[in-house]
Each structure stands twice: as structure tokens, then as C-alpha cells.
Amino acid sequence: MPTFKLDERDIPFEQGDTVIRAAQRAGVDIPHYCWHPGLSVAANCRMCLVELMPPPGRPALLLDVLAWDKEKQEYVPQKKPKLVPACQQGVSDGMVIKSQSSGHAQQARAAVQELLLLNHPVDCPICDQAGECRLQDYWLEHGATKKRMNDEPIHKPKAVPFGPNIVYDAERCIVCTRCVRVSEELAKDPVLSVRERGNLAEIVVAPGRQLDHAYTLMTEYVCPVGALTAVDFRFKARVWFLRSARTVCTGCATGCNSFTDFDPRNQKAYRYRPRENLAVNKYWMCDDGMLDHRRIHEQRVLAPRVSGEGVDAKIALEKAAAALKQASPESTAVLLSAEHSNEDNFALLELAKSFGFNQLFQSGRPAGQGDDILRHPDKNPNTAGIVRLAKPALLKPFAELASAIDGGTIKTVLALGSSLSVADKTDALKRAQVIALASHEGPLAQHARVLLPASTWAEADGTFVNAKGLAQESEKAIAPQGQSLPAFRWLAELARVAGKPLGWKKLTDLRKSMAQEAPPASLPASTAPAGVS
Amino acid sequence: MEPLDQELDQAELEMPAEPMLLNVGPAHPAMHGTVRCVMELSGEVIHHVDVQVGYLHRGFEKMCERGTWTQVFPYVDRCNYVSPMLNNVGFALACEKLLGISVPERCQWYRMALGELARISDHLTCDGAMAMELGAFTPFLWMIKAREMIWDLMEEETGARLTHSFGRVGGMASPPTDGFKEQARAVVKQILSVVAEVEKLLLGNRIFLDRLEGVGVISAEDAISLGWTGPCLRATGVPYDVRKAHPYLKYAEVDFDVPVGSASDCFDRFMVRIEEIKQSARIIEQSLERLADSGPINVDDPRVILPPKDEVYNTIEGTIQHFKIVMEGLKLPAGEVYSYTEGGNGELGFYLVSDGSGTPYRVRIRPPCFLVTAGLERVITGQMMADVVPSFGSLNMIGGECDR
Amino acid sequence: MAQLLIDLVKQQFGVAVLETHSLRGDETLTVEPNAWLAVCRFLRDTPRADMNMLTDLTAVDYPDREPRFEIVAHLVSLAKGHRLRVKTRVGDEEGDAEVDSLCELWAGANWLERECFDMFGVRFTGHPDLRRILLYPEFEGYPLRKDFPADRIQPLVPYRDVPNIDKLSPFGRDEGMSFGRQTHSGPETDDDSPVN
């Protein structure tokens, strides 16, 4: 592979790489605001300026400048090399580039940093970006100069609602146009643009429009400063208190890689962030997915119930076990859930096997809208996974279960999951004895004779298989809420109470037995590398 | 005791040979510091002793791994709580060593003056308590009165009598007050007169001398092997003082002597401390002489030092600087250093391991009196029960530092 | 000066020296664990080294590394005035670690190694009296390990049963002060504990 020299280090590159991209791949950080690996090059922030050394034997390209001489107290003519933006400069073999080691580049970066902060308001204490703000990081790393301008800064609009999800603060904006490019290039909806010039420049929404496409939160995500903030996350938490778990978005069958940011002190999830995975979601997530973290805490089933009354877990387990023992295999249906992980569904299948139940049905959230960017019409994260797990048996849709109940052939239903894919046939559940493990309120929780509170994806480790058939692992972020437990643990307990203990108790043992029995693609190959932006 | 009416030749004079297990501490009036000695006595002679420490363990080193580097200062204050300023300065020097910076000259002289005042307070407490435990209560009160003057001065300078939290990486929390030099000179003068009075009271006192001389002897080789440092080591005749052997701050530029003992008994340890008070007074005088009245007290490095408050409130640069240092903590470069200074009880070392983040990866405090207390067993084995009190007193175990 | 020492040790022990580095004037030498005692003895006894004092001995836990613990000793020669940091690496993933004791070289190693055992669970072979020192015998876990949560609450220690002692237990399990009586309820782990 050809290489070029960056600060005395040999960096390999591929044909067509820019300096910054090759450097980033090699793990060398060149400071930048406007460049993003998933977007086109704008080269307007000038933070990534580097010194390109002339080829041997050639003179350097020098510019005449006036530099302030402290001793003479006047400007004196000087020469300095022309710097190039690393995000735009293509590399060629043997090229020599100086970034950190170039005094000129350092000086230019300090100047850029000073310019960007010239009219910046003193907002850090009330700004949601504080703690993950490029302006803060780079000020300390490059320059760290004090303010020299004593004039009143330019004032611009603050807290402008751009749409249902995004609020804009023009004073904090550095006009890097990342958000403009996200709208245009990712969402294919060029609804944002820049108005005015110089220090009056600001981002505006097209007249008569709102920022309301399906990827608006990506504009906030790419914003390197606190100019764009999400209505959802605004003033909710300070980022340095949050910890991140590497999770998979369960909003649809795409299975975008994400970080779940949670506060370990109150065990509450606050937001999702996309996690880079070029094979699945590249750098992005859709709005529906980004806001899906709310379901971790909303509409939850947090305590066991028998016939709608809250009871002790022991009593609920005993009732459920008794019902299962009385049920005959011919009249009992097992309802797998595409909302839950492979581990949960595998545990359900194992339990069903030990009782001899072999009528398998599937359910999940109803289908929704999709697009050709990221969103999948199937709104369940694990449809492919349960189909694979149930093999060679065939999973029948819920509609058939409803008619079987109505026909009287099914009397007992052992169900996992909260939602049903068909809304109008839920009444059939009233006529059957339903034992449900549900994380959220819904038809199953409502009609369950015995209800056990299951944990959501954020409260347990789990494997999800996306529509492309890729098995991905989602890490546990927070502790199980209320009395809930991961469904596979409830099922293990249920089997124990019913006198037919399953071969495992812990997740690691479960995975071992899953590896033996289930098709190999049900387990995650390896987790994707941590993302960078 | 034998019955009086018994004839001596009829009664058995020997004490029963079976050893007695005596448990002294953890809270015992003649033990300064919470420590427990389980002694096996034969009559009054100690045959075997198990010294048990740890009653004041608060998990400092674990706590240090949670906050920022700056947040360690209050913890080190509470290690040696009779000379916290020395710990403050010691930790600041360790961080500065890892950062590769050194503080302005004015700050160095200021640190020296405050540090030596703290050392005097440490030695006054130790010698005073030692005298008190042997029944001489007056010198204790006098010395504590003198110590109180130092603490008043410290309060004037730092706002707290004892737990100053006054050190900062790259400087001090605030410059010397206007009256510092004048007050310090007055305090030192009074302390020296108290010390002179105490010497008059005690050094001619036969009982006091008999309790100390020839008691608690340890050889220099043993002391070195045990890792003893500070006054206890110097009492054995080894002239090891970090301030002379590896001068830090401006100790190379001041004139002072290292007192050593010859008999390495409790009396020598007492006298080394008395003498060190006088040497500290010399150092303070020279430091005050050279402490400039104006000039920077902190290094000029925005990555380390907090900006002035008006800049924090009025400029974004100041806000960012403040935010970075307070929220993320100042970042020490990845690596490890061992920095050592002369604490009240000997070599106070800090072994810092940084992973380059704002939170310490490991802060190891090398407590001088942990190792000195480790030698207690050797010092008192074979001694009489009553000798435990002066021996233990002269080692000056500080619970907070020993147990952390 | 200390560089000379390192060369001396390298000459003597060759491949047992894993690594050396120097940062801010602190010379560091990392040796194989099986050469630990021999290197230290060499440094103490060689006249050119003459490291007569062990100032400090501690450990640092790097849970992601293999071996997991670094045992760090700081040696000093009072006569020659030079210092050297000697390290070795021991311990597997579970924290099971064993290294030779330096007690026979320096008496001060006794307590330092006990503290190291107390805080990290590193066992020192040849130590005459290896037991907890700062913590009480019933303490569970090794607190300075990185995987020991700082807010873990220790179980209540039962009254120690000393034979032939006519004293009664001051507290029953449910009497006394409320603090310290809690049991640790950290985040749910995947253990065998029964449901609720």
C-alpha cells in the first residue's frame, strides 16, 4: 500500500483518499469542524490546515504577509508557506505533510479558534453540548489564548425552533454547514441553507418549510458545537454524567448500531447516538430510532400481575406454572416475539420443548413506513432471528392464532412480547388463557391471565438479527426497571417452578446451549468497532 | 504481690511462668493514634507483640481514583493531620513533576515557609504528647499553645486551621496575605521561646530522662532495613533528609543543618525533633527573607490554572478554561512518577500513575509512619510494658497517614 | 547514574529484563517475575548498586492487561543517593497472582507486602505472616482492584467468637446503628440468585 508522511509518521492510504481520511483511518487526529466522513467536503472551517512540504528540489510556495513585531511595535513583511486544508487535499505517494509539527499550522489553527470564539456567547453552563463540544476541546488543544476583543459581540437569534425536533441557536453556530449537508445528502431534502456572510451568517430553514424530514436529529448529531440542540434531549442531562452502552436500535429491522447514553446514578436512559458501522447504518440513524429510547421508560409493565391484580412474583410464577402443567400440548400455542432478542426467544422455545408445546406463532409490532435510506417497514428488530431459531418449524402469523382461538382449538397461550401485529383481532385473546411476558402495556399485557414484567433491550444483553441476516449484540445499559427481569430469566424461573428446569441459569450458559442448538448465525460474530465522527 | 506477713524464703518470688496475653488499644489513653497492640507478657517483659493498624483506614487511594487530580488535595490533607501543608505541597510537587512544570520562585519560597511551619507544628505535637504521656502535662499545654499560633497563622493564610486544601497543581490557592511575613516572624519567635522553656522544664528532669534514655533502641541497619526515614532514622545517626539529599523547591539555597542522634533511643528521637524545630525556624527566616512581595504565584499555563473569575463570567475563553479544568479535570500526561519530599515523619512519597485522563489511575501515598510503625514490634520486644508508651510516642504514628 | 544500574542489571540478568524506561528522571526497570527476588537481591548486595532501603512497594491493577498486576518497588541507596524503580508483572485475569516476597532482603517489605496483599490480593511467597493489615480479616474482596466498586457495602461481620471469654455480643444482627447494616444491592448481575 502506498504511504505518505504525516509528522514523520508513515501513513498508508488508498487511491482517492484525502489527508484527513487516511490519517483518521490510521488513528491520527487532525482537528476539524466541518469535515465529516459521511458527508461531502466543504473545507470552510479551516481548522484542519496542514503544511504541505514541496517535493524535493522544488521551492516552497510562499506568501507575503505582514507579521506583528513585538519589539519594533509595528508590522514587518514576512513570508509564510501556503497551508492547505487536510480534508480537501488528496494524497499521493511519498507526500510529506506536517500537522502538529508545523508551527505555521499551529498558528493558523489558533487563529481559527480565536476567530470562531470571537462572537461566541458565554453559554457553556447552559449549553447541552458542553462536555462534548469541539470548541471547548480545540480551544485547550490549539491556542488557549485569552480574549483580545473587548467589543460587544454580534448578537443573533437564539432558541429558534427549526422543526418538531430541533432548536437552533445562531450565536453558537460556526456555520460549518454540516447540518446543511446532512439534509441535502443524507435525507435528500435540502431544507437548510446559509443566509448572510461573515460574522452575520446563520443557518435558515427554507421559507414555508420546517426541518421535518425523517433524519432531522442527524443535523443535531453532526453539529460540532451547541448550535443545534434536540428538543428531546435539551436541558435533560449533562453529558459528562452519562455513560454509554453499545447497543442496537430496536426501532426497526435495519438494526442500526447505536450508543445508549444513560445516567448510572438514576439508571435512566437519556438518548441514542449512532455508532459507526459501515455495513449497517454507516454513521447515521433515523429520527424514529433516535427517539425510540423513550420506550425504555414509557408505558412499562413493572410488576407481575394475575388477572390484572398486582401480585408477588412467587405467586405469579406458581400460577403460571400450574396453568402450563394443566395445559394440553394440542390446545396450547406459543407466541414468539420479534421485539425480543434471540436469547429470550430461545429460552421460550426451550421451555415450550420441555412441555411438548409445538404450535408456534409469531408476533411483533405492526409494520410501518420505510424508505430507501435506513428505515425498514418491519418495525421489529428480530424477525429474521426468530424465524431462524424456530427452524425447522414454521412460525404462523398471529391472525391464524386468533382464528384458532375463535375456533376453540387453542385454549392456552404462552406469549412473549407486548405488541401484536394485527390490531383488530386482539379480542380473541380474551377467550384464551394467556400467560404473557411483556415489557410494555398493550393487548398482551391487558388480556394476560398471568403477566410477568420483562425487561427491555436496554436492560439486558441480547442478540438481534436484522433484515439482512446480520446477528448483532446489544449490550446492557441500565439495570432492569421495577420488578422486571430479562425474559429468559423469567422463563428459567418458570421452568424451575414447574419442575422442569432448563439446562442453564446464566446468560453465558444460555448462549453456550444456543450455540449448540440454534443455527450459527443466531449469535453475534463480533461486535462492530466503536464509532467515531 | 506477695503477702506481707509471709516470710520471703517461704514464698515463691518468681512470677508464674505462663505468659499473659494483654490487649492494648485500639483506643487507649496512652496511645496517641488508634492502634492495637496484642502483647504476650511474661511478668512485665514483652515477649512478643502484634501491632495491628488500620483502624483509621478510609480508602484514600481508592477515593483518589474517582475524582480529578485537584480533588485529591483534600484527601492528602487528611492523611497527616498535624502537618497537612507538607502533604499538600508534596502532592502538588508530584503532579508538577509528571506535568513537567515548576512553579514561580515566589510560590516556591511561600511553599517552603508554610511547609516548615507545618513541620514545626508536627514536631511540637509529637514532643508535647510524648511528654504528656509520661506525666509531664505542662509542656504539652505550652507546646499545643505554640502550635495553636501556627494554626492561627495558617487560618489567616488559607482560611482553615487544619484541613487547608491550599495546594494547587501549578501554584497555591492564593498568594501570601499582606501581613504574612510579619506574623510568621512573630510566631516563630514565640515558638522558639516556648521550646526553650520546654527544654528547661524537661531536660533537667531525672524522671523524664530515665524514661527515655536507653529505651526503645534500634540499630541504624535495622532502621534502614525497615525503611525508616525522618526524625526516627536520623536519631539512629543516619543523616538522611530528603531536603538535603535530594533538594526540592529551594532547599538547596537555604542554610540549615540536619540534626542526628547517637544512641538511637527515645531520647534521641525527642531531641532530634526539638532540634529540627530550631532548624525549621532558620529555614522560615531565610524563606521569608527571599519571598518576594509581588509577582506571580501560579504558573502561566491555561491547561493547569483556573482563570480569574471575571474572565470566567465574561469571556467564552475563560468559561471554557474553567469548564475544562473543573469538569474534566486538568490532564496529566500518561506515565508514572515517584515524587518524594520530607514530610513531618520522613520521606513522604507519591507514586502517581496517569493514563492521560483527568482522573488519577493510581495515587499511591508512601506514608512515612506506616513503615516506622512497622518497626514498633522490633523496638518494644524485650522491653518492659511501661516502655511501650515512650517508644510508641517517639515514633509519632499518625493514624491518618499510617492507615490512609 | 541510575542508567548505569540498569545496564548493570541487564548485564547480569539479560533476558529477564523485560523493559526499561525513564520519565522525568525516574529510571524504571521491569523484570520477569521469577527474577524478581534475584534482581532485588543483586541490587541490594552489589556494591555499585548498594540499594539498602526499600522505600515503597505497591501494586497497580491493569485489568485489561495480561499479566494483570504490576508490582512496583522503589529502591534507594542512602549512601550513593540514587534511586531505581523496579517492577514486575504478575496475575491472571481472575486476579490470582503470586510473586516472591522481599522480606528476607528488607524488613520493611513485611508490612508493605501485607498491605499489597490486603488491597490487591497479590500473594507473596515466602512472606512470614501474610494476612490483612489495614482491613479486617472478614473483609470481602480486594478494594484497590479496578473491578472492585467503590460503593460496595461489606456484609455485616458476625461477632467474633473468642473462646473462654465471658462477654456477650454487643449487638444482635438487627440491633444497633442502622448504617453498616445494609447489604449491597448493586446492579442486577447474572448470578444464580433466585427471583425476588
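Criteria and cut-off values
Residues numbered from 1 in each chain as written. Chains lettered and ligands numbered in written order. Predicted model: local features only at pLDDT ≥ 70, side-chain atom pairs only at ≥ 80, totals over all residues. Helix = DSSP H or I, 4+ residues; strand = E, 2+ residues; numbered from the N terminus. Buried ≥ 20, exposed ≤ 12 C-beta atoms within 10 Å, placed from the backbone. Contact = placed C-beta atoms within 7 Å. Nonpolar A, V, L, I, M, F, W, Y, C, P; charged D, E, K, R; others polar. Pairing = 2+ DSSP bridges. Axes fitted to C-alpha atoms, helices over the stretch in contact; angles between N-to-C directions. Parallel < 35°, antiparallel > 145°, perpendicular 65-115°, else oblique. Left-handed = near helix turned anticlockwise from the far one by under 90°. Right-handed = clockwise from strand over helix to strand, strands pointing away. pLDDT = per-residue confidence, 0-100. Arc of directions from axis to C-beta. Core = buried A, V, L, I, M, F, W, Y, C linked by C-beta atoms within 7 Å.

**Observations regarding the overall build of chain A**
Thought 1: A tally of helices and strands in chain A yields 13 helices and 25 strands.
Thought 2: Seen along its three principal axes, the alpha-carbon backbone of chain A occupies a region of about 100 × 50 × 40 Å.
Thought 3: Looking at the 533 residues of chain A, the share that counts as buried comes to 50%.

**Looking at the overall build of chain C**
Thought 1: The number of helices and strands found in chain C is 3 helices and 7 strands.
Thought 2: Each helix and strand of chain C, ordered N terminal to C terminal, gives the series α-β-β-α-β-β-β-β-α-β.
Thought 3: A burial count over chain C gives 37% of its 196 residues as buried.
Thought 4: In chain C, of all internal contacts separated by at least 6 residues, the share reaching a separation of at least 24 is 52%.

**A word on the interface of chain B and chain C**
Thought 1: With 33 residues of chain B in contact, the opposing surface of chain C contributes 26 residues.
Thought 2: For the side of chain B that touches chain C, the secondary-structure elements that each account for two or more residues are helix H1 (60–64), helix H3 (84–99), helix H8 (220–226), strand S6 (335–343), strand S7 (346–354), strand S8 (362–366) and helix H14 (368–374) of chain B.
Thought 3: For the side of chain B that touches chain C, the class distribution of residues is 14 nonpolar, 8 polar and 11 charged.

**Re the sheet that holds strand S8 (residues 160–161) of chain A**
Residues and elements named next belong to chain A.
Thought 1: The 3 strands are arranged S8-S9-S12 in an open sheet whose pairing can be described as antiparallel. Both edges of this open sheet fall to S8 and strand S12 (228–230), since each of them pairs with a single strand only.
Thought 2: The pairing of strand S9 (residues 166–168) with S12 spans 3 bridges and is classified as antiparallel. Residue Val167 lies in a different strand from S12, and its bridge partner there is Thr229.

**Thoughts on the sheet that holds strand S17 (residues 309–310) of chain A**
Pairing between the strands of a sheet comes from backbone hydrogen bonds, and it takes one of two forms, parallel or antiparallel.
Residues and elements named next belong to chain A.
Thought 1: Taken in spatial order, the 8 strands line up as S17-S16-S23-S22-S21-S18-S19-S20 in an open sheet, and their pairing is mixed. Pairing within the sheet leaves two strands with one partner each, and these edge strands are S17 and strand S20 (396–397).
Thought 2: Where strand S18 (residues 332–337) and strand S21 (residues 412–416) come together, 4 bridges link them in parallel fashion. Bridging across to S21, Leu335 finds its partner in Ala415.

**Concerning the packing of helix H4 (residues 105–133) of chain B against helix H5 (residues 137–158) of chain B**
Residues and elements named next belong to chain B.
Thought 1: At a closest axis distance of 8 Å, the pairing of H4 and H5 adopts a crossing angle of 160 degrees. For the element pair H4 / H5, the angle class is roughly antiparallel. In this structure, H4 crosses over H5, and the sense of that crossing is left-handed. Residues Leu114, Leu117, Ile120, Ser121, Leu124, Thr125, Asp127, Gly128, Ala129, Ala131 and Met132 of H4 pack against Phe137, Pro139, Phe140, Met143, Ile144, Ala146, Arg147, Ile150, Trp151, Leu153 and Glu157 of H5.
Thought 2: Residue composition of the contact of H4 with H5, grouped by class: 16 nonpolar, 3 polar and 3 charged.

**Things to note about the pairing of strand S19 (residues 359–363) of chain A**
On any regular strand, side chains alternate: one points to one face of the sheet, the next to the other face.
Residue and element names in this part refer to chain A.
Thought 1: The element S19 is extensively covered by neighbouring structure, given that 5 of its 5 residues are classed as buried.
Thought 2: Both faces of S19 are covered, namely the face carrying Gln359, Phe361 and Ser363 and the face carrying Leu360 and Gln362.
Thought 3: Pairing geometry for S18 and S19, over 5 bridges, is parallel. What sits directly across from Val334, in S19, is Leu360.
Thought 4: For the segment spanning S18, helix H8 (residues 342–355) and S19, crossover handedness is right-handed.
Thought 5: Taken together, the 2 bridges between S19 and S20 define a ladder with parallel strand orientation. Paired with Gln362 across the bridge in S20 is Pro397.
Thought 6: Handedness of the crossover is the feature at issue here: the chain leaves S19, passes through helix H9 (residues 383–390), returns alongside S20, and the resulting connection is right-handed.

**Quick word on the packing of H8(A) against H9(A)**
Residue and element names in this part refer to chain A.
Thought 1: The contact between H8 and H9 brings their axes to 10 Å, and the two run at 30 degrees. Taken together, the axes of H8 and H9 lie roughly parallel to each other. The crossing of H8 and H9 is right-handed. On H9, the residues that touch Asn342, Asn345, Phe346 and Leu349 of H8 are Gly385, Ile386, Leu389 and Ala390.
Thought 2: Partitioning the contact of H8 with H9 into residue classes produces 5 nonpolar, 3 polar and no charged.

**Describing helix H4 (residues 178–186) of chain A**
Residue and element names in this part refer to chain A.
Thought 1: Of all 9 residues in H4, 7 are buried; the element is thus mostly enclosed.
Thought 2: When we look at burial in H4, the residues that qualify are Arg178, Cys179, Val180, Arg181, Val182, Ser183 and Leu186.
Thought 3: Looking at the buried residues of H4, the elements they touch are strand S10 (192–195), strand S11 (202–205), helix H5 (216–222) and S12.
Thought 4: Lys188 sits one or two residues past H4 and shows a positive phi near 55 degrees.

**Structural notes on the confidence of the model for chain A**
Thought 1: Residues with a pLDDT of 70 or more make up 97% of chain A, whose mean pLDDT is 88.
Thought 2: The low-confidence segment residues 526–533 of chain A (pLDDT under 50) makes 11 contacts with residues lying over four places distant or belonging to another chain.

**Observations regarding the environment of Ser513(A)**
Residues and elements named next belong to chain A.
Thought 1: Positionally, Ser513 belongs in helix H13 (residues 507–517).
Thought 2: Take Ser513: there are 15 C-beta atoms within 10 Å of it, and that puts it in the partly exposed class.
Thought 3: C-alpha of Ser513 to C-alpha of Ala423: the two residues are 90 residues apart in sequence and 35 Å apart in space.
Thought 4: Ser513 has contacts with Gly503 and Trp504, leaving out every residue within four places of it along the chain.

**Remarks on helix H10 (residues 398–407) of chain A**
Residue and element names in this part refer to chain A.
Thought 1: The set of residues buried in H10 consists of Phe398, Leu401, Ala402, Ala404 and Ile405. One face of H10 carries all of its buried residues, which in axial projection span an arc of 165 degrees.
Thought 2: Where the residues of H10 are buried, they touch S18, S19 and S20.
Thought 3: Directly after H10, the chain includes Gly408, whose backbone phi takes a positive value near 90 degrees.

**Structural notes on unusual backbone geometry**
Thought 1: With an omega of -5 degrees, the peptide bond running from Glu66(C) to Pro67(C) counts as cis.
Thought 2: Within the secondary structure, Pro67(C) is located in the loop between strand S3 (53–61) and strand S4 (69–76).
Thought 3: For Arg46(A), which is not glycine, the phi torsion reads 65 degrees and is therefore positive.
Thought 4: For Arg46(A), the location among the structural elements is in the loop between helix H1 (19–25) and strand S3 (49–52).
Thought 5: The phi dihedral of Ala159(A) is positive, around 50 degrees, even though this residue is not glycine.
Thought 6: Along the chain, the position of Ala159(A) falls in the loop between helix H3 (134–141) and S8.

**Observations regarding the nonpolar core**
Thought 1: Formed by 164 residues in total, the largest nonpolar core has its most connected members in Cys95(B), Ala113(B), Leu117(B), Leu352(B) and Val122(C).
Thought 2: Sorting elements by how many residues they give to this core places H4(B) first, with 13 residues.
Thought 3: Leu352(B) has contacts with Ala94(B), Cys95(B), Leu98(B), Glu336(B), Val337(B), Pro360(B) and Val363(B), leaving out every residue within four places of it along the chain.
Thought 4: Residues Ala22(A), Ile30(A), Leu217(A) and Val465(A) belong to the second largest nonpolar core, which totals 91 residues.

**Section: the environment of Arg161(B)**
Residues and elements named next belong to chain B.
Thought 1: Here Arg161 lies in the loop between H5 and strand S4 (167–168).
Thought 2: Sequence separation between Arg161 and Glu289 is 128 residues, and the spatial gap between their C-alpha atoms is 24 Å.
Thought 3: Not counting chain neighbours up to four residues away, the residues in contact with Arg161 comprise Trp151, Met154 and Glu155.

**Considerations on the confidence of the model for chain C**
Residues and elements named next belong to chain C.
Thought 1: Predicted confidence across chain C gives a mean pLDDT of 78, with 80% of residues reaching 70 or more.
Thought 2: Confidence drops under pLDDT 50 across residues 167–196; counting only partners more than four residues distant or on other chains, this segment forms 22 contacts.
Thought 3: Interface confidence for the predicted complex, given as ipTM, is 0.82, next to a pTM of 0.77.

**Some thoughts on the environment of Asn80(B)**
Thought 1: By secondary structure assignment, the location of Asn80(B) is in the loop between helix H2 (73–77) and H3.
Thought 2: In this structure, the C-alpha to C-alpha distance between Asn80(B) and Cys369(B), residues 289 residues apart in sequence, is 9.5 Å.

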